[in-house]
Amino acid sequence: MLFYSFFKTLVGQQVTVELKNDLAITGLLVSVDQFLNIKLDNIKVVEESRYPHMMAVKNCFIRGSVVRYVQLPAASVDTALLQDAARRERQQQPAGRK
Amino acid sequence: MDSFQIFTTSTSLVDSVDTNLVLQDTIERIYVGDAYGDIPRGIFIIRGENVVLLGEIDLDKEDESPLREVPVEEMLQIQREEMEAKVRRDKLRNKLLHEHGFSVDNADFGEQY
């Protein structure tokens, strides 16, 4: 849930989402849900000529399970705060995951 | 899904909310190079786990597209030729690799989706 909250703070920022099928899409982050599904507006595909089916697409929904990386603007990430929150979340649920 | 389903825990509620899609007036569009061909397919139900991306088409952008539409039959013919050429290329490459003692598997990287 931590990264869900984290991504919510990035809504409105320009991000690049790299998918597991190597497609990379840059766009304005519109929304994120608990699965880390992502909605992007005003998108631009990196290496567009390789993906002609994406040429006329202006906004999209990306399923969280197919995302490999999300490239973020460094200025809008407080790594110290994020580290601290991760540590605190770990402390709240000490025995294994969940 | 059974409309009388009762959710017992929040986890089971979350599990049953997925990216499932129902598409109406679906066409399958086949691209080769700068050409494309459409095949009418009708109604589609897509199970969430198979979804990668759902995009909205900008009709203005689509009009500006440099791609040209060709009849499906022609498209399928071109696609078949491309596929045969790829099979021939792969065979040749695998044969060469094999001769040099490399083990060849059929992993097609980046084409899983």
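Residues numbered from 1 in each chain as written. Chains lettered and ligands numbered in written order. Predicted model: local features only at pLDDT ≥ 70, side-chain atom pairs only at ≥ 80, totals over all residues. Heavy atoms only, no water.

Draft legend 1. Inspection of the environment of Arg68(A) at higher detail. Residues and elements named next belong to chain A. For Arg68, the position within the fold is in strand S5 (residues 67-71). Residue Arg68 is classed as partly exposed on the basis of its relative accessible area of 39%. Each C-alpha atom, one on Arg68 and one on Asp22, is 8.6 Å from the other, the two residues being 46 residues apart in sequence. Those residues in contact with Arg68 that sit more than four places away from it in its chain are Glu18, Leu19, Lys20 and Asp22. A distance of 3.1 Å separates the side chain of Arg68 from the side chain of Asp22, its partner in a polar contact. (Helix = DSSP H or I, 4+ residues; strand = E, 2+ residues; numbered from the N terminus. Buried < 20%, exposed > 50% of the residue type's maximum accessible area, 1.4 Å probe, protein only. Contact = heavy atoms within 4.5 Å. Polar contact = N/O pair within 3.5 Å; in protein donor to acceptor, adjacent residues only side chain to side chain.)

Draft legend 2. Focus on the domain arrangement of chain B. Residues and elements named next belong to chain B. Along its sequence, chain B is carved into domain 1 (1-70) and domain 2 (71-113). Between domain 1 and domain 2, the contact holds 10 residues from the first and 9 residues from the second. Between domain 1 and domain 2, roughly 750 Å² of surface is buried when both sides are summed, and carbon and sulfur atoms account for 83% of that area. Per-residue buried area on domain 1 facing domain 2 is highest for Ile30, Val32 and Val70; these three make up 68% of the total on that side. Our count for the domain 1 to domain 2 interface comes out at 0 salt bridges. At the surface where domain 1 touches domain 2, the tally comes to 0 residue pairs in polar contact (both at pLDDT 80 or more). (Domains from an automatic or database assignment. Buried area = accessible area lost by both parts, 1.4 Å probe. Salt bridge = Lys/Arg side-chain N within 4 Å of Asp/Glu carboxyl O.)

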